[in-house]
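Here's the letter readout for the chains.
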Amino acid sequence: MAVDLNTVIKYANEYRFLRILPATNIDSLLAAGILSKNLREHGVEAPINLSPKIVIDVKDEPLLLLDLPKPSSSGDNVLSIKYTDESSITARLVHYIDKLFGITWYDKFLAIIAGIHRELDVGREGFQGYERDFLDELAKANYIGVDLGFRLWGWKKRSFHKALYRTLIPFIPGYSGDPHQAAENLKKILGIKELDRLMGDNVFAEHDLEKTKLFLEKFSETIEGVEQEVRRRILIKMLGYVYVVNLGNYVADVLEIFGALEVYESMAEENVNNIPLVSADYTILNQLIAMYTQIIDELSVEAATLIKQYLHTRIPVFEGLDTIKRPELLIDIIRSMELIPDKKCITIEVDGRYVTSISEYIRVNPEYDRAYNLCDESQICILDERNVLIKA
């Protein structure tokens, strides 16, 4: 059963201990890092453990599940917080901790990242939950800059062409992961020959929305391989609020930071363990951004090839991967397109094994005890040739 945060803190204070088990999505991982850090600062030991088997094994200490269901076999020591559509789990925790202890601006910034992951700022109104309060506060204090524009990874920092082909969420067929086709399309739409110096501000003009509207009409016609309704959803998610943040001496594009976290997680099975650590210090986040910058051009091409295959076949099994080692990025891309298959898990082939995440497995197969017993310590689940879960 899901519990409120008062109950969580009550258990933590009573035992002076709280073990945290987050799902492997960006929101839950950031929430785990922030909660663990703030509890430790107030005398509560709060280790993060990603192994799902502890849900079955741990009987005598409080355990908090973040966006993972509580199995029927677990006892009263197991608590659960699930995501709702109002605010991210991270934002709910940050709001509560801020009222209880006070909290840093950086934790509030990470809550905004979690809200972007949940797509809570998409649309004309932007954020409506706790993230809105944090954004207003941080913008007023000059930690974050907010503007309107195209919601692309690197919109404020990269050329328009580069930001377009690097962006994987929202996924834009004909642009995402396809630098050559993106260049050809842009040259035809804009009637120019040189793209290297073309920045997003040259295309999007808040003071001349008619110009932007005409561009989007032509742009929509070049989005490949999807029906009109999907094109419409892509354009809605592509246009809206964009942000920059000052991380020490480095001004970063916030949407690109979200992209960096998604990409970093997908690069190795064990990388999921490091994402909660970004709550400790933004220098760690800067390191992840540097890793992302080195691999995004190659990885975006691979991701685009796989997603275009899915759009054509609707078969959610991805083979022949090289740079992508975990399924969460592909799952998030397909979820953002609102094309998640109802009765099949999204799986990828890694080293001859067909794997998915525990969250994706139980979305389709609500066998909580079985999944917690059989999936591995980084929440990777192995499926056999009949799509049956086997021991990892």
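Placed above this text is the structure.
Residues numbered from 1 in each chain as written. Predicted model: local features only at pLDDT ≥ 70, side-chain atom pairs only at ≥ 80, totals over all residues. Heavy atoms only, no water.

Within the chain one finds 15 helices and eleven strands. The C-alpha atoms of the chain give 21 Å as radius of gyration, which agrees with the globular expectation for 392 residues (21 Å, within 12%). Burial status across the chain gives 58% buried among its 392 residues. Here the chain has roughly 16,500 Å² of accessible surface; of this, 48% comes from carbon and sulfur atoms. Measuring between centres, the 45 positive side-chain charges of the chain sit 2 Å from its 60 negative side-chain charges. (Helix = DSSP H or I, 4+ residues; strand = E, 2+ residues; numbered from the N terminus. Rg over C-alpha atoms; globule rule 2.2 N^0.38 Å. Buried < 20%, exposed > 50% of the residue type's maximum accessible area, 1.4 Å probe, protein only. Areas by Shrake-Rupley, 256 points an atom, 1.4 Å probe, with all protein chains shown as cover. Lys, Arg positive; Asp, Glu negative; His and termini not counted. Charge placed at Lys NZ, Arg CZ, Asp CG, Glu CD.)

Residues D208, E210, E217 and E221 make up a contiguous surface patch of negative charge. Here E217 is to be found in helix α9 (residues 209-221). (Patch = residues over 30% accessible without salt bridge, like charges linked within 9 Å, V, L, I, M, F, W, Y side chains within 5 Å. Salt bridge = Lys/Arg side-chain N within 4 Å of Asp/Glu carboxyl O.)

On to the packing of aromatic side chains. Tallied over the full model, the rule gives 19 aromatic pairs. Plain terms: the ring middles of Y106 and Y282 are 6.1 Å apart, the flat faces sit at 65° to each other, and that makes the pair edge-to-face. Placement of Y106 in helix α5 (residues 105-117) and of Y282 in helix α12 (residues 282-313) is noted, with a sequence separation of 176 residues between them. Each ring, one from W153 and one from F258, has its centre 6.1 Å from the other, and the planes form 85°; the classification is edge-to-face. Pair noted here: W153 is in the loop between β4 (144-150) and α7 (160-166) and F258 is in helix α11 (residues 254-266), with a separation of 105 residues, a long-range link. Residues W153 and F258 agree in their burial class; the two are buried. (Phe/Tyr/Trp six-rings, centres within 6.5 Å; stacked < 30°, edge-to-face > 60°.)

Let's shift gears to unusual backbone geometry. Here the residue pair I169 and P170 is connected by a cis peptide bond, since its omega of 0° sits within 30 degrees of zero. If you trace the backbone, P170 turns up in the loop between α7 and α8 (179-190). A positive phi angle, close to 60°, is found at D67, a residue other than glycine. Inspection of the secondary structure assignment puts D67 in the loop between β2 (63-66) and β3 (78-81). Using a relative accessible area of 14% as the deciding quantity, one classes D67 as buried. Positioned with a positive phi, E119 is a non-glycine residue whose angle comes to about 60°.

Turning to helix α1 (residues 5-15), a few remarks are in order. Looking only at α1, the buried set comprises L5, V8, I9 and A12. Buried residues of α1, seen end-on, are gathered within an arc of 90° and therefore sit on one face of the element. Across α1 from its buried face, at more than 90 degrees, point the exposed residues K10 and E14. On its buried face, α1 is in contact with α2 (26-41), β2, β3 and α4 (89-100). Capping the start of α1 is the job of one residue whose side-chain oxygen sits 3.3 Å from the backbone nitrogen of N6: D4. (Arc of directions from axis to C-beta. Contact = heavy atoms within 4.5 Å. Polar contact = N/O pair within 3.5 Å; in protein donor to acceptor, adjacent residues only side chain to side chain.)

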